[in-house]
Structures are given as C-alpha cells and as structure tokens.
Amino acid sequence: MNSLGRAPGSQASLRAANRGRVLEALDRHGPLTQVEIAAATGLSAASVSNLVRDLVADREVETSRAVRNGRRAALVAPVGGRGVVAGVAFGDRDVRLALGTGPRDLRSRVRLPLPPDHVADEGLSRAARLVSDMLDSTGTARTDLRAVALGLPAPVDSVSGHVGSEAILPGWRGVAAARELETALGVPVVLDNTANLAAQGELVCGALVGVRHGCHLKTSHGIGAGIVLDGRVHRGSAGTAGEIGHVTIDENGPVCRCGNRGCLDTFVGSSALSSAVAVTHGHLALRDLVARALAGDPGCRRVVTDAGRHIGVAVAGVVNLLNPERVSIGGTLARTGDLLLDPIREGVERCAIPSAAASVEIVPGSLGEDADVVGAMAVAAERASTTRPA
Ligand SMILES: [Zn+2]
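Here is a short report on the structure shown in this document. (Residues numbered from 1 in each chain as written. Predicted model: local features only at pLDDT ≥ 70, side-chain atom pairs only at ≥ 80, totals over all residues. Heavy atoms only, no water.)

### Quick word on the environment of D265
So, step 1. Relative to the elements of secondary structure, D265 occurs in helix α7 (residues 265-268).
So, step 2. Overall, the relative accessible area of 7% leaves D265 in the buried class.
So, step 3. For D265, the contacting residues outside a window of four places in its chain are G222, I223, G245, H246, C256, R257 and A272.
So, step 4. There is a polar contact of 3.1 Å between the side chain of D265 and the backbone nitrogen of I223. (Helix = DSSP H or I, 4+ residues; strand = E, 2+ residues; numbered from the N terminus. Buried < 20%, exposed > 50% of the residue type's maximum accessible area, 1.4 Å probe, protein only. Contact = heavy atoms within 4.5 Å. Polar contact = N/O pair within 3.5 Å; in protein donor to acceptor, adjacent residues only side chain to side chain.)

### A short note on the coordination of the zinc ion
So, step 1. Coordination of the zinc ion by the protein involves H246 (ND1), C256 (SG), C258 (SG) and C263 (SG), with metal-donor separations of 2.0 to 2.4 Å.
So, step 2. Around the zinc ion sit four donor atoms, and with donor-metal-donor angles ranging over 104 to 123° the site reads as tetrahedral.
So, step 3. Counting gaps between the donor residues of the zinc ion yields the pattern H-x9-C-x1-C-x4-C. The pair formed by C256 and C263 is uniform in burial state, with each residue classed as buried. (Donors = N, O, S within 2.8 Å, 3.2 Å for Na, K, Ca; no water. Tetrahedral: all angles 85-135°; square planar, octahedral: opposite > 155°, others 65-115°.)

### Considerations on unusual backbone geometry
So, step 1. Phi is positive for D230, close to 50°, though the residue is something other than glycine.
So, step 2. Tracing the backbone shows D230 in the loop between β11 (223-229) and β12 (232-234).
So, step 3. The phi dihedral of N323 falls on the positive side, at around 50°, and the residue is not glycine.
So, step 4. Residue placement: N323 occurs in the loop between α11 (298-322) and β13 (326-330).

### Regarding the sheet that holds β12
So, step 1. An order of β12-β11-β10-β13-β14 is seen for the five strands of this open sheet, with the pairing classed as mixed. With partners counted over all chains shown, the strands left at the sheet margins are β12 and β14 (361-364), one partner each. Mean inter-strand twist for the sheet, computed between neighbouring axes without regard to direction, equals 30°.
So, step 2. In the sheet, strand β10 (residues 214-219) pairs with β11 via six bridges, with the strands oriented antiparallel. In the strand pairing of β11, G214 is matched with V228.
So, step 3. Contacts between helix α12 (residues 338-351) and the sheet are confined to β13 and β14, with β14 contributing the most and set at about 165° to the helix. (Pairing = 2+ DSSP bridges. Axes fitted to C-alpha atoms, helices over the stretch in contact; angles between N-to-C directions.)

### What to know about the pairing of strand β1 (residues 61-68)
So, step 1. Relative to strand β2 (residues 71-78), β1 runs antiparallel, the two being bridged by eight bridges. By the bridge assignment, R68 is partnered in β2 with R71.
So, step 2. Here β1 folds back onto β2 in antiparallel fashion, the turn holding two residues, of which N69 has a positive phi close to 50°.

Written as structure tokens, this is what we have:
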C-alpha cells in the first residue's frame, strides 16, 4: 500500500479535467471573462485564474481586451480561434440569423421578413445566402464556418430530419431541411424546434441560467415550450417534446391547424387573438396588437389577459408533471410583461398542486425574441466542438 496516501497522479488528472472544463466552456459559449468561466464551469475564481494562466503559457488560450456590459474586461479565447458558427431561426413571418464564435459573441445579426406560408426551398436558399453575406461582411473565410443550427417553428423529427407535423408548416412538407442547408453550406447543420432553441438560449445566458428543472415558453404566431430537465433541454425520443401549443384544453373547441380540436394554440395563437378583436380593430398583426395593448387599448389588453389565463391552465399542467423551479415566458406576446404574466401566475396558483405551484417562479425571458437565435448559436457551437480537428 502506498504510504504517501493519495496517488501523485490524482492531482494531475483533476487539473487536466479542469483544463478540459475550461476549454469546453469556451467552445460552448465563445470567448468569456474569467468570472463567466467560473460561472459556466462551477470552478472557483482562484482555480480559473490558475488554469487560465497555465493555458496561456501552453499557448492553448489567449486573452484580449474588450468591453463587457459597459465595462472593460479581459476575454479568454482559444488560440487561433475555433472558427465561427451560425444560428438560423425561422419564424412564421421572418428568418433571423446570427454569426459568431458562440452564444455570447454574436458578431453579426440579420433579420429578413418572409411572406406568410413561405416554402422551404426559398427560405433555405435565402438563409444560405445570408450566412455567406455575414461571413463576407465580417471578413471571415468560408472555411472558418464550423457548424450551423437551424430552427423551425414546428415540431421537428430529429430521427428523420423532417418537420414532425406537415400540417403545422405545410410549406416545408417532405423537406430534409438540415441536409439541404448542409449541402448548400458544406458544414454540419443541426435541426431543432425554435421553442427548444429559445429554452437553450435562456438556459445558457438568460432567465434559466443555473436552473436544473425548468421550462421556457415561446409565445409568438404559435406557442411552444422548451423543457429543461437536469440542466439540459429535453427533446424527447424523437425531438418533439414540449409541444404545449397542441395540448388539448377544450375537446369540443375549434379545429386546430394540426388537425386536433381545442388545442391551446387555437385560443392563444396570433390568428385567434387577431380574430378576437377583428370586429372592433379589423385585422391586426400580432406585433400591432401587442403595441396597442401596451399603449392602453382596452380590447387588446383584454385579449392578452385572456390569453394569459389559457396559458396559465396549460402551464399548471406542466408544473404538475415536472415540478419545475422556474418557468420563463418569451416571444412576441411576452413583450406585454405582467399583463400576460400575472394571469399565467394566477392560472398556475388556481390549477396546479399547491406545493408545486409554491415552488415555481414565473418570470419573463431575458433574451427577448432573439432567445431562439442565441440558443441556435449555443447548439451550433456545441456541434462544432464535437467535430473540430484535435
Ligand atoms: Zn393543434
């Protein structure tokens, strides 16, 4: 038996593992300050400081001066960079893109409006062109692009790589979206649902940071949820978990675009909200309805409050099933703040088991409507880190 007790190798292997954690955090999030590395890895500030000093000496990472949250800070990044990644998030009426080294380092962002019911071919070729334009405008070589994450506002079957319900996004019927974009750009493309990506964004650098069990709701043209279990976004067996918009809340309710009856979406989707005020306001786009509610229009405020009540009932179901510690609410409708959130909180208090309702907080998302693009950057950076040359 070794009389010295602890084997001399154990310190070295712990140190190697901690170095790996720091490098992995940089791969996942892009350049970080030492404080951010400590938060991302759970290592102490002193350990991070020592590890970064060693990694700089070994030419594995380098530091540069930058401004972070209005203050001067030293950013730590891998030497020579690990290349860039792109996030692409399709909405029902637009596509938003970002390019950078990770979710905290978006060097370029673009938004392009799209016609309603846009078709996949057009959308994908525009996205590919916009990624190329962003590479050019940031002076980045095409060969530096490592991976892309592509988000669609519909259930996505991660096994087949197709949209999981063709009725919800008919213009994308039968299209292997990830493979087509991969062919156009020549890099790996990860396909996901935008609600999952929004949850990923809030989890990595928004309202769900540090949350083990949580949920993020994306309230836009339709409503979707991304579920966080054990600190990771839970995608289910085929990638379609979190379809809260198609949970039945009235079996005899109106027929939904998915073919079912009385889904949450038929009560709180943008078409339902617009119809509710059509007699007094004519056709209102969701953004206009939200703007009028914020300006004090009584009819629009009432419609948002009613939507909050319906969403609250569905969220109470999530709270009963998963016992989350925090639920964040994002997307276009969430711009109305407590007008939407208060009735959701009331719904959870009324309909969820008291102990589960008492242990959950309902908060606004902190990344606004770009949570899905930020999440796409995180997913793409993670994909890039698994394929980069050693
Ligand atoms: Zn439905």
